[in-house]
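Chain by chain, the residues run as shown.
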4 protein chains.
Amino acid sequence: MIKVTVWNEFLHENVHEEVKKVYPEGIHKVIAEGIGTDGFMVRTATLDQPEHGLSEDVLANTDVLIWWGHMGHDKVEDEIVERVHARVMNGMGLVVLHSGHFSKIFKKLMGTGCDLKWREAGEKERIWTVNPAHPIAGGLPEFFELPQEEMYGEHFDIPSPDETIFISWFEGGEVFRSGVTFFRGQGKIFYFRPGHETYPTYYNENVRQVLRNGIRWAAPSGAAAPVRGNHQPLEAIQPKS
Amino acid sequence: MIKVTVWNEFLHENVHEEVKKVYPEGIHKVIAEGIGTDGFMVRTATLDQPEHGLSEDVLANTDVLIWWGHMGHDKVEDEIVERVHARVMNGMGLVVLHSGHFSKIFKKLMGTGCDLKWREAGEKERIWTVNPAHPIAGGLPEFFELPQEEMYGEHFDIPSPDETIFISWFEGGEVFRSGVTFFRGQGKIFYFRPGHETYPTYYNENVRQVLRNGIRWAAPSGAAAPVRGNHQPLEAIQPKS
Amino acid sequence: MIKVTVWNEFLHENVHEEVKKVYPEGIHKVIAEGIGTDGFMVRTATLDQPEHGLSEDVLANTDVLIWWGHMGHDKVEDEIVERVHARVMNGMGLVVLHSGHFSKIFKKLMGTGCDLKWREAGEKERIWTVNPAHPIAGGLPEFFELPQEEMYGEHFDIPSPDETIFISWFEGGEVFRSGVTFFRGQGKIFYFRPGHETYPTYYNENVRQVLRNGIRWAAPSGAAAPVRGNHQPLEAIQPKS
Amino acid sequence: MIKVTVWNEFLHENVHEEVKKVYPEGIHKVIAEGIGTDGFMVRTATLDQPEHGLSEDVLANTDVLIWWGHMGHDKVEDEIVERVHARVMNGMGLVVLHSGHFSKIFKKLMGTGCDLKWREAGEKERIWTVNPAHPIAGGLPEFFELPQEEMYGEHFDIPSPDETIFISWFEGGEVFRSGVTFFRGQGKIFYFRPGHETYPTYYNENVRQVLRNGIRWAAPSGAAAPVRGNHQPLEAIQPKS
């Protein structure tokens, strides 16, 4: 049983009619529904809750945290960002979605600007698998299409990913590394590009399969926590003159 | 249930008394026993069997193949090597152990010389985890020791690994990238260094944990097989003048 | 002064009128001309020469070898392939172009199938830089276009590249990792996708810049050759009971 | 001509007699002297200078910045850290030395804790090249020794490096990834482990060779700055129903 917390800022859905139509109860509800219950125990958390729903206790009981944010990035308290960061360092998986590329937590973990090209033109996106050996590609066709999505284009200002699993083709002429992973501390991070709030992307069965795969991949490794600091020698050290 | 085939050349155990004492029924039996039955269905195969025990049927029903070879590398038929290679390309996992670094199949998959430094001096090896986020490090302490092993030293002539999980410290002064992974085609490869035939390495509980982790990691992804060759356009191509 | 040898099978240019029009003296001549003389000493070699123009002496005096082949892959002698492979292992750079993805030497170095999707439809290719920090991207715009090229599409069956510098967008709907590098032994390999024989790709100034960058990047490191085999201890090894 | 700025906090040398003896005019002077003038234009900067010697103008005229810090990490102004970070993002190389692993700039760029094991016991360090194809290994033997150094041990809490060039063996039983590189934004980062202030490490000719190699490797690529933000389509987008 992997314990998943789906975090959503839950703002667009309350102020934009267009978004409310697609996700009437919030993006987090549809993401959670898409993950399902087969091997997962899923709860949700939102920006407006105390501690944004991410108390020490909730994080301690989260194996993988999913993050959707956009217009409220700045409203996320620095203290909570530090808390999530610390939890990734000690093993929690993090799945960052779409506009989460500009969240405080993702930028802090990447160490780079995380900026990119974008365009809202309802264009076609075709997502190609470039690492069919990777578990995150499991159960997927070699490509799948989203009839309408926001475009994100290169250069995406992230570290060289540890693994690149998906690359997107966009109708308007750009490409994008759409599914990338990063090992950080004892934790694992999966960034997945699609998911603009005005399109029904999280109802798409292939997208849902990617999320389930990503969660399983990002689950904690269970390796021992590394010891830091001053370390006694394990072998005799010869005196030097 | 992951279907595992443990392949062993099974030669040293028949001709060297010292090895027979440690592995009276063969290294493969002790490896298979160490993997256990919790989630695994394990069988063994050896060089002396017809088709080295690696018929088309056996390979088609193998999710992960484990390879231990040394003095008999040259006795492995090229046709079987091609068969194993093709099976890795279409998704089978491969776990190559110790002196398997010089096997035909590993050299073919790596494309490099795969040579290294070595020394049989019964020295201490200390294996450090350098990627505690990786599932292959699961359930392991931050380092573990083997009181006596053959030394392998850098430079190990392999491609830059996709992931480096373990690095060994040797008493005699060398280091070695001891646990490394490679994505190849639809398949995954894990090379794990320890396992000299004169030492009881495969009885070691940490080594056994690494093997179980490596098998789970190397299991097929289940992604669709990529289509190759001449490809019809997915979008209209404008006529050029 | 980097010593460059441009190898071309030089077959299409003799049998296909369409190709002869674009490259009347051979693709190798136009590649060599594009590299120029500023820091480079360039010679050419072709399939029909003794030892395909790649004698031990020529290779010993080559820092970086450029490879263009297609219809004559099978005509390249295995002995010469082994020789080039050995030279890469001991430090020579190798720049493999376009249809060279299916050459014996590239397949041997990669260890994978190296297959891909393809289509000859005169379509537009747009090449995006995804690693602007890499020297192979030096002097290039963030993207450049080739008005007509053969399409190559994913999944490209190569190892996960050590560095991915360019990704192509194709008019017909595919993407491709078009500029990728690999460290192998003491040598470095750069694969660059464009260069179909019926289009004037090697006259393109951006393509020429990529080639010059790639050659400089692939030049030998000058590190000491690693020692292999049985190794005397560098530190005292304690007797074990 | 690569423009190099050697930054040193320059504190130990003023307060610890033991350090003053080894580096009477400061570590930066000895590092600068070791880099030399053959292809390099070197200046120095220190913590106590206005803006820590790292004004906008100095950084704009720096191709590669070298960073040595330890007891004064907290004294570095956040504004200067942001400035250096921005300059790396737009192409400046950064070479971080030894205890600089805990500097604000390195931690910000890595996004991880950057902690490690350490021990001051005057023990032997043996530095092995594990990527002899890499230019940072140029001109070096396959290993070299430092008779006395501080120990740094794994797990080193950094992202998986883009390239691992050196791994250290320590007398007391640990290993460490001692020479690692990272592509970040348009910039390149090289971390090199040795250099404890009480030992004459920066007088060592092999260490000096590593520094010169690292600077050349980290020099700006000269690629075009990527464009970010809202992007007009490069191809026609079909109206959707």
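Residues numbered from 1 in each chain as written. Chains lettered and ligands numbered in written order. Predicted model: local features only at pLDDT ≥ 70, side-chain atom pairs only at ≥ 80, totals over all residues. Heavy atoms only, no water.

An unreviewed UniProt entry annotates chain A as Trehalose utilization protein originating from Paenibacillus methanolicus.

Attention now moves to the overall build of chain A. The helix and strand inventory of chain A stands at seven helices and 10 strands. Against the compact-globule benchmark of 18 Å for 241 residues, chain A has a radius of gyration of 19 Å, which places it among compact chains. Across its three principal directions, the C-alpha atoms of chain A cover 75 × 40 × 35 Å. Taken across its 241 residues, chain A has 66% of its residues classed as buried. The contacts of chain A with a sequence gap of at least 6 include a subset with a gap of at least 24, amounting to 71%. Of the roughly 7900 Å² that chain A leaves accessible, carbon and sulfur atoms contribute 50%. The averaged location of the 34 negative side-chain charges in chain A is 4 Å from the averaged location of its 24 positive side-chain charges. (Helix = DSSP H or I, 4+ residues; strand = E, 2+ residues; numbered from the N terminus. Rg over C-alpha atoms; globule rule 2.2 N^0.38 Å. Buried < 20%, exposed > 50% of the residue type's maximum accessible area, 1.4 Å probe, protein only. Contact = heavy atoms within 4.5 Å. Areas by Shrake-Rupley, 256 points an atom, 1.4 Å probe, with all protein chains shown as cover. Lys, Arg positive; Asp, Glu negative; His and termini not counted. Charge placed at Lys NZ, Arg CZ, Asp CG, Glu CD.)

Right, let's talk about the interface of chain B and chain C for a bit. Tallying the contact residues gives 47 residues for chain B and 47 residues for chain C. Carbon and sulfur atoms supply 50% of the area that chain B and chain C bury against each other, a total of about 3500 Å² over both sides. In this assembly, chain B and chain C are joined by four salt bridges. Two residues, Asp157(C) and Arg228(B), come together in a salt bridge whose shortest N-O distance is 3.8 Å. Linking chain B with chain C are 28 residue pairs in polar contact (both at pLDDT 80 or more). Of all the secondary-structure elements, those providing two or more residues to the side of chain B that touches chain C are helix H5 (78-89), helix H6 (104-110), strand S5 (117-129), strand S6 (143-153), strand S8 (175-184) and strand S10 (229-230) of chain B. Here the element with the most residues in the side of chain B that touches chain C is S5(B); it accounts for seven residues. Its residues placed into classes, the side of chain B that touches chain C shows 16 nonpolar, 17 polar and 14 charged. Two strands pair when backbone bridges link them, and S5(B) and strand S10 (residues 229-230) of chain C are joined in this way by two bridges, in the parallel orientation. (Buried area = accessible area lost by both parts, 1.4 Å probe. Salt bridge = Lys/Arg side-chain N within 4 Å of Asp/Glu carboxyl O. Polar contact = N/O pair within 3.5 Å; in protein donor to acceptor, adjacent residues only side chain to side chain. Nonpolar A, V, L, I, M, F, W, Y, C, P; charged D, E, K, R; others polar. Pairing = 2+ DSSP bridges.)

All names here are of chain D. Looking at the element boundaries, Arg193 is found in the loop between strand S9 (187-192) and helix H7 (205-218). Arg193 sits in the buried class, given a relative accessible area of 0%. Polar side-chain contacts of Arg193 include one of 3.3 Å to the side chain of Glu149. With near-sequence residues (within four places) excluded, Arg193 lies in contact with His98, Glu125, Glu149, Glu150, Met151, Tyr152, Ser168, Phe170, Phe176 and Ser178.

The subject of this paragraph is the interface of chain A and chain D. With 48 residues of chain A at the contact, the number on the chain D side is 47 residues. Regarding the contact of chain A and chain D, the summed buried area is about 3500 Å², with carbon and sulfur atoms giving 50% of it. It is Glu171(A), Arg228(A) and Lys240(A) in chain A that bury the most area against chain D; as a group they hold 16% of the surface buried on that side. Summed over the shared surface of chain A and chain D, the number is four salt bridges. Looking at the side of chain A that touches chain D, the elements with two or more residues in it are helix H5 (78-89), helix H6 (104-110), strand S5 (117-129), strand S6 (143-153), strand S8 (175-184) and strand S10 (229-230) of chain A. Here the side of chain A that touches chain D takes seven residues from S5(A), the largest share from any one element. The class makeup of the residues in the side of chain A that touches chain D is 17 nonpolar, 17 polar and 14 charged.

Moving on, we come to unusual backbone geometry. A cis amide bond links Glu154(A) with the next residue in sequence, His155(A), at an omega value of 10°. Mapped onto the fold, His155(A) is located in the loop between S6 and strand S7 (163-170). Its identity is not glycine, yet Phe10(B) carries a phi of approximately 55°, on the positive side. Mapped onto the elements, Phe10(B) comes out in the loop between strand S1 (2-8) and helix H1 (12-15). Positive phi, normally seen in glycine, also occurs at Glu51(D), with a value near 55°. The residue Glu51(D) is located in the loop between strand S2 (40-46) and helix H4 (56-60) in this model. When its relative accessible area of 40% is taken as the criterion, Glu51(D) is described as partly exposed.

Once that is clear, we can look at the packing of aromatic side chains. Residue and element names in this part refer to chain D. What the rule picks out here adds up to 50 aromatic pairs over all chains. A centroid spacing of 5.7 Å and a plane angle of 70° characterise the contact between Tyr152 and Phe176, whose relative ring orientation is edge-to-face. Of this pair, Tyr152 sits in strand S6 (residues 143-153) while Phe176 is found in strand S8 (residues 175-184), placing the two residues 24 residues apart along the sequence. Take Tyr152 and Phe176: they sit in the same class, and that class is buried. (Phe/Tyr/Trp six-rings, centres within 6.5 Å; stacked < 30°, edge-to-face > 60°.)

Bringing the relation of the copies chain A and chain D into the picture now. Note on the identical chains: chain A maps onto chain D by a rotation of 180° and an axial translation of 0.0 Å, with an RMSD of 0.0 Å. A rotation of that kind, with that shift, is consistent with a two-fold axis. No C-alpha of chain A lies nearer the rotation axis than that of Gly111(A), which sits 2.4 Å from it. A high fraction, 98%, of the interface residues of chain A reappear at the interface in chain D, so the copies pair face to face through one surface. (Least-squares fit on C-alpha atoms with pLDDT ≥ 70 in both.)

Turning next to the layout of surface pockets. When its volume is computed, the largest pocket comes out at roughly 880 Å³. Lining the largest pocket are 35 residues, and of these Lys108(A), Lys104(D), Lys107(D), Lys108(D) and Thr112(D) lie nearest its centre. Elements supplying a minimum of two residues to the lining of the largest pocket: H5 and H6 of chain A together with helix H5 (78-89), helix H6 (104-110), strand S5 (117-129) and S6 of chain D. Here the lining of the largest pocket is composed, by residue class, of six nonpolar, 14 polar and 15 charged. (1 Å grid on protein atoms, 1.4 Å probe; cavity = no way out; pocket = protein on both sides within 12 Å on 5 of 7 lines; lining within 4 Å. Points joined across faces, edges and corners; volume = space filled by probe spheres on them.)

The next thing to look at is the packing of helix H3 (residues 27-35) of chain C against helix H7 (residues 205-218) of chain C. All names here are of chain C. Running from N to C, H3 and H7 point in directions that differ by 75°, and their axes come no closer than 9 Å. Judged by the angle between their axes, H3 and H7 are roughly perpendicular. Of the residues in H7, those in contact with Val30, Ile31, Glu33, Gly34 and Ile35 of H3 are Arg208, Leu211, Arg212 and Ile215. (Axes fitted to C-alpha atoms, helices over the stretch in contact; angles between N-to-C directions. Parallel < 35°, antiparallel > 145°, perpendicular 65-115°, else oblique.)

A word on empty space enclosed by the protein. Here the structure, examined in full by the defined rule, presents six cavities of 30 Å³ or more. What lines the second largest cavity is simply Glu154(A), His155(A), Trp128(C), Thr129(C), Pro132(C), Ala137(C), Leu140(C), Pro141(C), Glu142(C), Ala223(D), Ala224(D) and Pro226(D).

Our focus in this paragraph is the pairing of strand S4 (residues 93-97) of chain C. All names here are of chain C. Burial analysis of S4 places five of its five residues in the buried class, the great majority of the element. Covered by surrounding structure in S4 are Gly93, Val95 and Leu97 together with Leu94 and Val96, the residues of both alternating faces. Here four bridges tie strand S3 (residues 64-68) to S4, and the two strands are oriented parallel to one another. Along S4, the bridge assignment pairs Leu65 with Leu94. Each parallel crossover has a hand, and the one from S3 via helix H5 (residues 78-89) to S4 is right-handed. Across four bridges, S4 lies against strand S9 (residues 187-192) in parallel orientation. For Leu94, the partnering residue across the bridge sits in S9 and is Ile189. (Right-handed = clockwise from strand over helix to strand, strands pointing away.)

Let's shift gears to H5(A). Residue and element names in this part refer to chain A. With 12 residues, H5 extends 16 Å from end C-alpha to end C-alpha; this agrees with the ideal 16 Å at 1.5 Å per step. Buried within H5 we find Ile80, Val81, Arg83, Val84, His85, Arg87, Val88 and Met89. Close packing links the buried residues of H5 with helix H4 (56-60), strand S3 (64-68), strand S4 (93-97), H6, S8 and strand S9 (187-192). (Expected span 1.5 Å × (residues − 1).)

The subject of this paragraph is the pattern of salt bridges. Residue and element names in this part refer to chain B. Scanning the entire structure with this criterion turns up 80 salt bridges over all chains. Residues Asp78 and Lys104 are paired through a salt bridge, measuring 2.8 Å at the closest nitrogen-oxygen approach. Of this pair, Asp78 sits in helix H5 while Lys104 sits in helix H6, and the two are 26 residues apart along the sequence. Glu123 is the partner of Arg119 in a salt bridge, and the nearest nitrogen-oxygen pair spans 2.9 Å. Each of the two residues, Arg119 as well as Glu123, counts as buried.

Here the focus is the relation of the copies chain B and chain C. Of the transformation superimposing chain B on chain C, the axial component is 0.0 Å and the angular component is 180°, with the fit at an RMSD of 0.0 Å. A symmetric contact is evident, with 100% of the interface residues of chain B recurring at the interface of chain C.

Residue and element names in this part refer to chain D. Counted residue by residue, S5 has 10 buried out of 13 residues, so it is predominantly covered. Note that S5 and S6 share eight bridges and pair antiparallel. Counted as the bridge partner of Arg119 is Met151 from S6.

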